[in-house]
Amino acid sequence: MKYSTLGSSGVDVSRVCLGSMTWGLQNTQQEADKQIEYALQEGVNFIDTAEIYAVPPTQETYGRTEEIIGNWLSRNQERRNKLILASKISGPGLKHVREGSNIDGKTVKQALDGSLQRLQTDYIDLYQLHWPNRHHPHFGQHRLGKVTFSAVDAAAEIDQMLEILQSLNDCVKAGKIRFCGLSDDTPWGINTYLKLSEKHSLPKMVSIQNEFSLLHSKDWPYLIENCIHEDIAFLPWSPLASGMLSGKYIGGARPEGSRWTIEQRMGLFRDTKQAQQAVSEYKEIAERNGMTAAQLALAWCDQVDGVTSTIIGATKMSQLKENIAAFKTPLSAEILEDISKVLRLYTVPF
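Residues numbered from 1 in each chain as written. Predicted model: local features only at pLDDT ≥ 70, side-chain atom pairs only at ≥ 80, totals over all residues. Heavy atoms only, no water.

Caption draft 1: Quick peek at the overall build of the protein chain. Looking only at helices and strands, the protein chain has ten helices and ten strands in total. Over its C-alpha atoms the protein chain spans a radius of gyration of 19 Å, differing by no more than 12% from the 20 Å that the globule rule assigns to 350 residues. Taking the principal axes of the C-alpha coordinates as reference, the protein chain spans close to 55 × 50 × 35 Å. Counting every position in the protein chain, which comprises 350 residues, the buried fraction comes to 57%. (Helix = DSSP H or I, 4+ residues; strand = E, 2+ residues; numbered from the N terminus. Rg over C-alpha atoms; globule rule 2.2 N^0.38 Å. Buried < 20%, exposed > 50% of the residue type's maximum accessible area, 1.4 Å probe, protein only.)

What follows is the structure, encoded as structure tokens:
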């Protein structure tokens, strides 16, 4: 396993981050335990979760994933300091989470205390804002015209950001959080937080996790350039585009127990004709070179300049083994060029 520094934190994290959002719905406690143990055995020291998991987020599954991790931690307390544990406070819009309210100083502390209780730990290494209060170009909202940036009251947003940072600062001082990060945000969001942190001597955001894959590479080059020069760790989530890049959904297939057989909050917006064609071509490249389509997509993601750690997830142990193995052998220049040819044809296929 290779490691990279988590932005300006000075902490080294594995190039593979173990995602957990299926635990508590598609995966049981026993299955999650086995995934954690295998990942640790392979050198993974970075686990990501969120208060709203399992997914799709519902009132019934709220907090269940953190509880599963907490149960494992309660049985393995001596290993807690070897893990970099990340969680997230939900942004607005989910009625079953604080009645869909914005993130503010009060809700940061409320959500954090809930996560700490469920995780059965005294601190979270990386505490992230799951998505911004303002309307943002994520979760299928990246097409031109989906978001009207000029309609945002920037001054009001900045005031909210300052309040959030001040509350996070209280939590850091209390020893409940080591580092703070963003998720599903933009270069403006990153830079505004950085300016506020510097101006008011508040915690600096050390990371951002955004959706990023061969089917969704919109953060290259502008946001990733920003991350590199501002020392912000870039953590891709959904590097397999919700499993699509494994090839298992080609031609409308829906394998039993797969994520796309479960109703999704945002619908199957990734399932377009162009995306299906792109996946088919990537799968051909993978098969010509003796690897699976999923391994091709993950290895490509790992080699993108600026990527710190890629968040993977699996419902089956065989998938987890396959995915972690993808990070062991870099793709050749020839394979990368073949991928690039397809990527130029299908730059934003959904």
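Caption draft 2: Representation of the side chain of arginine 15. On the secondary structure map, arginine 15 appears in the loop between β2 (12–14) and β3 (16–19). In terms of polar contacts, arginine 15 uses its side chain to reach the backbone carbonyl oxygen of valine 307, at 2.8 Å. Polar side-chain contacts of arginine 15 include one of 3.3 Å to the backbone oxygen of threonine 308. (Polar contact = N/O pair within 3.5 Å; in protein donor to acceptor, adjacent residues only side chain to side chain.)

Caption draft 3: Local environment of the pattern of salt bridges. This structure, assessed with the given rule, holds 18 salt bridges. Aspartate 125 serves as the salt-bridge partner of arginine 80, at 3.0 Å between the closest nitrogen and oxygen. Residue arginine 80 is found in the loop between α2 (64–75) and β5 (84–89), and its partner aspartate 125 is found in strand β6 (residues 124–129); the two are separated by 45 residues along the sequence. Taking the relative accessible area as the measure of exposure, arginine 80 reaches 8% and is therefore buried. In this structure aspartate 125 comes out as buried when scored by relative accessible area, which is 1%. Between arginine 134 and aspartate 185 there is a salt bridge, with the nearest N and O atoms lying 2.5 Å from each other. A residue pair is termed long-range when its members are at least 10 positions apart, and arginine 134 in the loop between β6 and α4 (154–173) and aspartate 185 in the loop between β7 (177–183) and α5 (187–200) qualify at 51 residues. Both residues of the pair, arginine 134 and aspartate 185, count as buried. (Salt bridge = Lys/Arg side-chain N within 4 Å of Asp/Glu carboxyl O.)

Caption draft 4: Structural view of helix α10 (residues 333–345). The first and last C-alpha atoms of α10 sit 19 Å apart over 13 residues, in line with the 18 Å expected at 1.5 Å per residue. Taken together, the buried positions of α10 are occupied by Ile335, Ile339, Val342 and Leu343. Axial view of α10: buried residues confined to an arc of 100 degrees, hence all on one face. Looking at α10, the residues exposed on the side facing more than 90 degrees away from the buried face are Ala333, Glu334, Arg344 and Leu345. Where α10 is buried, its residues touch α7 (273–288) and α8 (293–302). (Expected span 1.5 Å × (residues − 1). Arc of directions from axis to C-beta. Contact = heavy atoms within 4.5 Å.)

Caption draft 5: Here's a closer look at the packing of α2 against helix α3 (residues 105–119). Interhelical geometry of α2 versus α3 gives an angle of 45 degrees and a closest axis separation of 7 Å. Classified by the interaxial angle, the pair formed by α2 and α3 is oblique. Residue-level inspection shows Glu66, Glu67, Ile69, Gly70 and Leu73 of α2 in contact with α3, the latter providing Ser115, Arg118 and Leu119. Each residue belonging to the contact of α2 with α3 can be placed in one class, and the counts come to three nonpolar, two polar and three charged. (Axes fitted to C-alpha atoms, helices over the stretch in contact; angles between N-to-C directions. Parallel < 35°, antiparallel > 145°, perpendicular 65-115°, else oblique. Nonpolar A, V, L, I, M, F, W, Y, C, P; charged D, E, K, R; others polar.)

Caption draft 6: Expanded view of the packing of aromatic side chains. Considering all chains together, one arrives at six aromatic pairs under this definition. Aromatic pair phenylalanine 212 and phenylalanine 234: ring centres 5.4 Å apart, planes at 85 degrees, arrangement edge-to-face. Residue phenylalanine 212 is located in the loop between β8 (205–211) and α6 (222–230), and its partner phenylalanine 234 is located in strand β9 (residues 233–237); the two are separated by 22 residues in the primary sequence. For phenylalanine 212, a relative accessible area of 1% translates into the label buried. Ring geometry for tyrosine 249 against tryptophan 260: centres 4.0 Å apart, planes inclined by 5 degrees, an arrangement best described as stacked. With tyrosine 249 in the loop between β9 and α7 and tryptophan 260 in the loop between β9 and α7, the pair connects residues that are eleven residues apart, well separated along the chain. Tryptophan 260 carries the same exposure label as tyrosine 249, and that label is buried. (Phe/Tyr/Trp six-rings, centres within 6.5 Å; stacked < 30°, edge-to-face > 60°.)

Caption draft 7: Looking closely at α5. The first and last C-alpha atoms of α5 sit 20 Å apart over 14 residues, in line with the 20 Å expected at 1.5 Å per residue. Two residues or fewer after α5 comes serine 201, characterised by a positive phi angle close to 55 degrees.

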